[in-house]
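Spelled out from the first residue to the last, the chains are:
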Amino acid sequence: MTTTPPPNLDADALIQSAPLPTRRTLRRRASLPLQVLRFGVLNVRMLRMVGKGHGDTRE
Amino acid sequence: MSRIVILGAGISGHTAALHLRRMLGKQHTVTVVSPNADWNWIPSNIWVGVGQMDKRQVTFPLAPIYARKGIEFKQARAVALRPEGDSAGDQGAVDVVSTAPETDGAEERIRYDYLINATGPKLNFPATPGLGPDGGHSVSVCTANHAVDASEALSAVIERLRAGERQRLLIGMGHGTCTCEGAAFEYTFNVDHALREAGVRDLAEVVYITNEASLGDFGVGGMVFRQQGFETTSKTWSESLFRERGVRAILGAHVQRVEDGVAHYEQLDGSEQSIAFDFAMLLPPFRGAGLPVFDAAGEDITDQVNNPGGFMKVDADYAPKSPEDWRADDWPRTYQSVGYRNIFAVGIAFAPPHPISIPRKSPNGTVIAPSPPRTGMPSGVMGRTVAKTIADRIKSGDDSLAHTASMASMGAACVASTGPGLRSGTAAAMTMFPIVPDYEQYPRTGGRNIKDTFGEIGLGAHWLKLLLHHLFIYKAKAKPGWYLIPE
């Protein structure tokens, strides 16, 4: 059990120094054609993850 | 002819029951014991909790499904386990008390050949004085009914905001040892979305309070992602989201007690503070069902079978270890109970060997450490795996090898999505592989395969969440081809 507190509990400072998405990034997150593509990519990645780890193994 | 009894009809128990019924002939009996009449797709309770989905969209009655599939259903609560039988014989038995309206309180002793303990969590609201919707001062989204209450409380806050009153909404973990940080994270951003939709976000302060030492920990020690040619962390990724949405956070916090409109908490640095709120959705810590266990002579052997938290001990390595000595192999693979080859514990019911996040204590000795999550995807996989083991042992003999599914070799997804519409929502999707880091196999990327561990924000992730909602409810209703949908 670690008794040393984490280096920084000042959440407000941490959040304020985090990268802020640009307008372009925000537009991309809502862009219909791009998000259709990302949806496909996400599904492929999910299926690959499921295929790797949800398969059948024996003792 | 064998009888398999499954205690619990959540994701793991229900999955196990459906697979067992599919794999075994009708001469074998599959019995599900659950105190609840309805099945609940708990991940979508988040949407119920902000009024964007109706309770009926996330629940359905179990009895018609089980009647159609040929599964015996007893609406009852298990109260004692007798793995060595009793004076009437050495066949294992479980004592249950009916919770069905027509037979409420009736007791029954059910004999079994195989037993699956999928009793899920006991919501431990009493661990924090004043926590919870039943006599406390906070709401919850742990059950569909809790989520309905949360939605009503949120609506009242929105009305006050519309009247020009400033409001503070506190969302997060109601104790230092909670799990399911992902659910609180998701609810936070759903509330943020609901406030924006209502046009009152500027008058509301949204505060996320968590036992995580840093944002993005999620009870799994955080993740490393690859994004746009860089390796980044779930910490930076989450902090960025909090900054974008204007959500504040309180880190490394153990909520000590909740009073009317005030939460008192201690942080990892030992400081004790209070925060006033107008709305608080705080999740409780979990305990195991703590089913008492008796040997053939009626002696209490609960502490041989369960750990002190009420979770059932299985094939994990429970030797106390410091975090530096944790190994992927510590985690169970077969979920077979200690000492009983015909008893298994899956989902939240099994006792984890240790946390996944580094456990910490405040200088005052207060444990502030996220418990390991084992809900959703991994629960379903465990249910299916144990069903296969039991089916093999019934069909091919009791010496058949067990099927395995360790959380150190399976992945999981957490999709925090806002809004049920096709165009209006957005989501933060995360996947990790494996759930339990394997630092020997993936030493440079936080113990995980970076190709299968990623975070993404956008409309596409929101569609993924909607797809999962409909797919898993279709699967749980055992509609045609249900078993082709992976857990």
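Preceding this paragraph is the structure being described.
Notes on the structure in this doc start here. (Residues numbered from 1 in each chain as written. Chains lettered and ligands numbered in written order. Predicted model: local features only at pLDDT ≥ 70, side-chain atom pairs only at ≥ 80, totals over all residues. Heavy atoms only, no water.)

## As for the overall build of chain B
Logical step 1: Scanning chain B from N- to C-terminus turns up 9 helices and 27 strands.
Logical step 2: The C-alpha radius of gyration computed for chain B amounts to 22 Å, which stays within 12% of the reference 23 Å derived for 487 residues, consistent with globular compactness.
Logical step 3: Reported as C-alpha extents along the three principal axes, the dimensions of chain B are approximately 70 × 55 × 45 Å.
Logical step 4: When the 487 residues of chain B are sorted by exposure, 61% land in the buried category.
Logical step 5: Working note: accessible area of chain B is about 17800 Å², and carbon and sulfur atoms make up 50% of it.
Logical step 6: Looking at charge distribution, chain B has the averaged site of its 47 positive side-chain charges lying 6 Å from that of its 52 negative ones. (Helix = DSSP H or I, 4+ residues; strand = E, 2+ residues; numbered from the N terminus. Rg over C-alpha atoms; globule rule 2.2 N^0.38 Å. Buried < 20%, exposed > 50% of the residue type's maximum accessible area, 1.4 Å probe, protein only. Areas by Shrake-Rupley, 256 points an atom, 1.4 Å probe, with all protein chains shown as cover. Lys, Arg positive; Asp, Glu negative; His and termini not counted. Charge placed at Lys NZ, Arg CZ, Asp CG, Glu CD.)

## Structural notes on the environment of S400 of chain B
Residues and elements named next belong to chain B.
Logical step 1: One can find S400 in the loop between helix 8 (377-396) and strand 24 (403-404).
Logical step 2: Overall, S400 belongs to the buried group, its relative accessible area being 12%.
Logical step 3: Separated by 63 residues in the primary sequence, S400 and W463 have C-alpha atoms spaced 42 Å apart.

## Focus: unusual backbone geometry
All names here are of chain B.
Logical step 1: F433 connects to P434 through a cis peptide bond whose omega is -10°.
Logical step 2: Mapped onto the secondary structure, P434 falls in the loop between strand 26 (426-432) and strand 27 (454-458).
Logical step 3: One non-glycine residue, C180, adopts positive backbone phi at about 65°.
Logical step 4: Structurally, C180 can be placed in the loop between strand 10 (167-173) and helix 5 (181-197).
Logical step 5: For A478, which is not glycine, the phi dihedral falls at a positive 55°.
Logical step 6: Judged by its relative accessible area of 4%, A478 falls in the buried class.

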